[in-house]
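# A structural walkthrough
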Amino acid sequence: MVQKYFDAATLRMSFVKGTNDKGKEVFTTKSFTGMKEDATAAQLQQFSAAIASLSTYELAKTVITAQH
C-alpha cells in the first residue's frame, strides 16, 4: 500500500527586473519555503500579492511546488 506524506512546499515568485540589450525581459526570483500544507490557493494568492506590493519590480508569476 502506498501512503502519501507531505514533506515541504515552496512558493516561488518571479519578477520582471528589466530588459537586456536585445529587449528581452530579465527576471529575478524570490522563494519562500515552509509553506503550510493546508494553505488554500486564496491564501497563497493573498500572500503573493502582499509581497509583490513591497517590491519595486512587477510580479510576472507565482508557482507553488509541494514535495511528498
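Structure: above.
Predicted model, so just to flag it, every value in this text is computed and none were measured. Sequence order as written defines residue numbering, which begins from 1 separately in each chain. Where totals are concerned, whole chains, interfaces and linings use all residues; where local detail is concerned, this predicted model gives features only for residues with pLDDT of at least 70, and gives and counts side-chain atom pairs only at 80 or more. In computing side-chain properties, one takes all heavy atoms of the structure into account and sets aside hydrogens as well as water.

### Some thoughts on the overall build of the chain
The condition that has to hold: Starting at the N terminus, helices and strands are each numbered in turn, a helix being any DSSP run of H or I of at least four residues and a strand any DSSP run of E of at least two. With C-alpha atoms as the basis for the radius of gyration, the globule rule is written as 2.2 Å multiplied by the number of residues raised to the power 0.38. Burial status follows relative accessibility: with a 1.4 Å probe on protein chains alone, a residue under 20% of its type maximum counts as buried, one over 50% as exposed, and anything between as partly exposed. Contacts are residue-level and defined by heavy atoms, with any inter-residue pair within 4.5 Å sufficient. In summary, the charge assignment counts Lys and Arg as positive and Asp and Glu as negative, without counting His or the chain termini. A charge is said to be at NZ when it belongs to Lys, at CZ for Arg, at CG for Asp and at CD for Glu.
Across its full length, the chain holds one helix and three strands. What you see in the chain, going N to C, is helices and strands ordered as β-β-α-β. A compact globule built from 68 residues would reach a C-alpha radius of gyration of about 11 Å, whereas the chain, at 15 Å, exceeds it by more than 25%. Principal-axis analysis of the C-alpha atoms gives the chain an extent of 55 × 25 × 15 Å. In the chain, which comprises 68 residues, the share counted as buried stands at 18%. Considering only residue pairs separated by 6 or more positions, the chain has 58% of its internal contacts joining residues 24 or more positions apart. Of the side chains in the chain, 8 bear a positive and 6 a negative charge, and the two mean positions are spaced by 4 Å.

### Regarding the sheet that holds strand β3 (residues 58-67)
Keep this limit in mind: Between any two strands, pairing holds if DSSP finds at least two bridges. Each axis is a line fitted through C-alpha atoms, and for a helix only the stretch in contact is used; angles between axes span 0 to 180 degrees, taken between their N-to-C directions.
Ordered in space as β2-β1-β3, the three strands form an open sheet in which the pairing is antiparallel. Of all the strands in the sheet, the pair left with one neighbour each is β2 (25-33) and β3. With strand direction ignored, the average angle separating the axes of adjacent strands in the sheet is 20°. Pairing between strand β1 (residues 8-19) and β3: nine bridges, direction antiparallel. Pairing of arginine 12 across the sheet is with valine 63, part of β3. Each of β1, β2 and β3 touches helix α1 (residues 41-54); the most contacted strand, β1, lies at about 35° to it.

### Some words on the nonpolar core
Put simply, the test is: Here, the term nonpolar core denotes a set of buried Ala, Val, Leu, Ile, Met, Phe, Trp, Tyr and Cys residues that are joined through side-chain atoms within 4.5 Å.
In this structure, Ala9, Leu11, Met13, Phe15, Phe32, Met35, Leu44 and Ala52 together form the largest nonpolar core, which totals eight residues. Elements that contribute at least two residues to this core include exactly β1 and α1. Counting residues per element, this core draws most heavily on β1, at four residues. The residues contacting alanine 52, other than those within four sequence positions of it, are Met13, Phe15 and Leu59.

### Comments concerning the environment of leucine 59
Locating leucine 59 in the fold gives a position in strand β3. Sequence separation between leucine 59 and threonine 28 is 31 residues, and the spatial gap between their C-alpha atoms is 9.7 Å.

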